[in-house]
Amino acid sequence: MSDDRKKGGRGKRWPGRKKDAPKKTAGPTAPRLIAIRVVERVQRAGAYADLALHHALVQSRMPAADRGLATELVYGTLRWRGRLDYLIQQALDRDLAKLEPLVISALRVGAYQLFFSDRIPANAAVDEAVRCVRAMGLERATGFVNAVLRRLAREGEGYAFPDLEADPMGHLVHACSLPEWLAERWLEQYGAEDAAKLAVAMNEPAPVTVRVNRTKTPRAEALADLRERHPDARPGRYSPDAIVLGRRGDVGQDPAFVAGRVSPQDEASQLVVELLDPQPGDRVLDTCAAPGTKSAAIAERLDGDGHVLALDRHARRLRLVGRGIRRLGVGGVATLERDATKPMEELASEGGPFDKILIDAPCSGLGSMRRNPDARWRLRPEDLEDLARVQREILEAAAAVLRPGGSLVYSTCTVTPEENEAVIRGFMATRANWRIAGRDEAPEALRELIDEDGFFRVLPHMPNRPDLDGTRDMDGFFAVRLIRNPRKED
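The present account deals with the structure reproduced in this document. (Residues numbered from 1 in each chain as written. Predicted model: local features only at pLDDT ≥ 70, side-chain atom pairs only at ≥ 80, totals over all residues. Heavy atoms only, no water.)

1. Topic: the overall build of the protein
Across its full length, the protein holds 19 helices and 12 strands. Taking 23 Å as the expected radius of gyration for a compact globule of 490 residues, we find that the protein reaches 24 Å, a close match to that expectation. In terms of its C-alpha atoms, the protein occupies a principal-axis envelope of roughly 85 × 50 × 45 Å. Evaluated residue by residue, the protein yields a buried proportion of 54% over its 490 residues. In the protein, of all internal contacts separated by at least 6 residues, the share reaching a separation of at least 24 is 74%. Distance from the positive charge centre (76 side chains) to the negative charge centre (73 side chains) of the protein: 7 Å. (Helix = DSSP H or I, 4+ residues; strand = E, 2+ residues; numbered from the N terminus. Rg over C-alpha atoms; globule rule 2.2 N^0.38 Å. Buried < 20%, exposed > 50% of the residue type's maximum accessible area, 1.4 Å probe, protein only. Contact = heavy atoms within 4.5 Å. Lys, Arg positive; Asp, Glu negative; His and termini not counted. Charge placed at Lys NZ, Arg CZ, Asp CG, Glu CD.)

2. With respect to the sheet that holds strand β3 (residues 242-246)
A sheet is described by the order of its strands in space; here 4 strands give the open sequence β2-β3-β1-β4, paired in antiparallel fashion. Each end of this open sheet is capped by a strand with a single partner; those strands are β2 (234-235) and β4 (262-264). Relative to β3, β2 runs antiparallel, the two being bridged by 2 bridges. Bridging across to β3, R234 finds its partner in V244. (Pairing = 2+ DSSP bridges.)

3. Structural notes on the environment of T412
With respect to the secondary-structure elements, T412 resides in strand β9 (residues 402-412). Overall, T412 belongs to the buried group, its relative accessible area being 0%. For the pair formed by T412 and D360, sequence separation is 52 residues and the distance between their alpha carbons is 5.8 Å. In contact with T412, not counting residues within four places along its chain, are D360, A361, C363, E419, N420, G476, F477 and F478. Looking at T412, its side chain comes within polar contact range of the main-chain nitrogen of T414, at 3.5 Å. (Polar contact = N/O pair within 3.5 Å; in protein donor to acceptor, adjacent residues only side chain to side chain.)

4. Remarks on the packing of helix α13 (residues 267-276) against helix α14 (residues 293-302)
Put simply, α13 and α14 touch, their axes get as near as 10 Å, and they point 45° apart. With respect to α14, the axis of α13 lies oblique. Helix-helix and strand crossings are classified by hand; for α13 and α14 the assignment is right-handed. Taking contact as the criterion, the partners of S269, V272, V273, E274 and L276 in α13 are, on α14, K294, A297, I298 and R301. Here the contact of α13 with α14 is built from residues that sort into 5 nonpolar, 1 polar and 3 charged. (Axes fitted to C-alpha atoms, helices over the stretch in contact; angles between N-to-C directions. Parallel < 35°, antiparallel > 145°, perpendicular 65-115°, else oblique. Left-handed = near helix turned anticlockwise from the far one by under 90°. Nonpolar A, V, L, I, M, F, W, Y, C, P; charged D, E, K, R; others polar.)

Here it is in structure tokens:
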């Protein structure tokens, strides 16, 4: 097995139980019970892990440490579900897929603790899984779960995964935890070696990155303040407002967040607004604004000299935009419940066409799987066609309200060509009066991330330029800036 499995010998940490020792009868810990139920909801009902987990944690009122454990178990299990299923299947005498969903989830969460947690002893992982199954009313399955997990603890070290060179598809599915349809696509798109690197990077926790509210504090001052609580904090490498705090931390509880001086946002996401380049006095339309991260970033740059109209089709999510704007203390942002696939000419008739438009389009999210590991298990290949159709409709509707000479940035947090390049090329094929902004027209810091066709692309595993160590370590993003010619007619 690969080195990224849990270090240390599980056998040494398995104390066993003396024959005359009393049988434990205590209930399961709440974090594990919550984790099993959330993982099961994601599998059975296609639930969004972040929403299901948030709801469960709010109901539980657990202390911070237990909330952290439940979060780690949910996200870790979903990241490595394919790999865990392969391991569990080796220890079974029947088809894993035919077991009850709650039993499958209990095995997955238990196996995750066995293979990926350095701080949970193997006996605790097994015992807690059994208690959880009993607490969920599945007493008949306790012996089965106990036997499977104990076998995994004894023998799992010796299970081998398919070799990347000899069986790249098997390796991506079973060692790198990709669904078969996605593994097939990435093999074709990137080749075996690069696809495996990307898959491994997508299974790592994402860095905790914040955007500094430039209307309240310079980045240098914010960095000095944050280092008192996050010693590893460092400036972002591409965005002038980014600070990377490290791999752990709850930004939502930090005093700088509460005071509106910072907002959590991946550096690649920040660069989308950098590419839009809002200027004082601009009238900006954000077509798919909720939860409002990029609308707020635009407003911070305008600093009261300009206007942002933030649209979203869901009133409940649109309220998140207003809440974030109030926390940051920035002005010039209006919100409107609106389906951006529909014509929106009346928005231009009221205040004139927009100087800049941001379409941060709804997408498959396959570039941000580090933060949303459930996306790969919820999506179906045919969903990509439906998303591409919606993305094109939004682009057509928004293009009609951009002023001549204005610019439009289209972005997604995904890596599929049909949601990115194909949407843009299809649109451009019908627009003689539009062009794609070239690399040399972008802010200088972004130019190395933009190809000769004008497409901005980042992936987490891509190496930094030679003078910087490591990888770019940003979420997978695509963006492009389109210019409407100031003279010719469409």
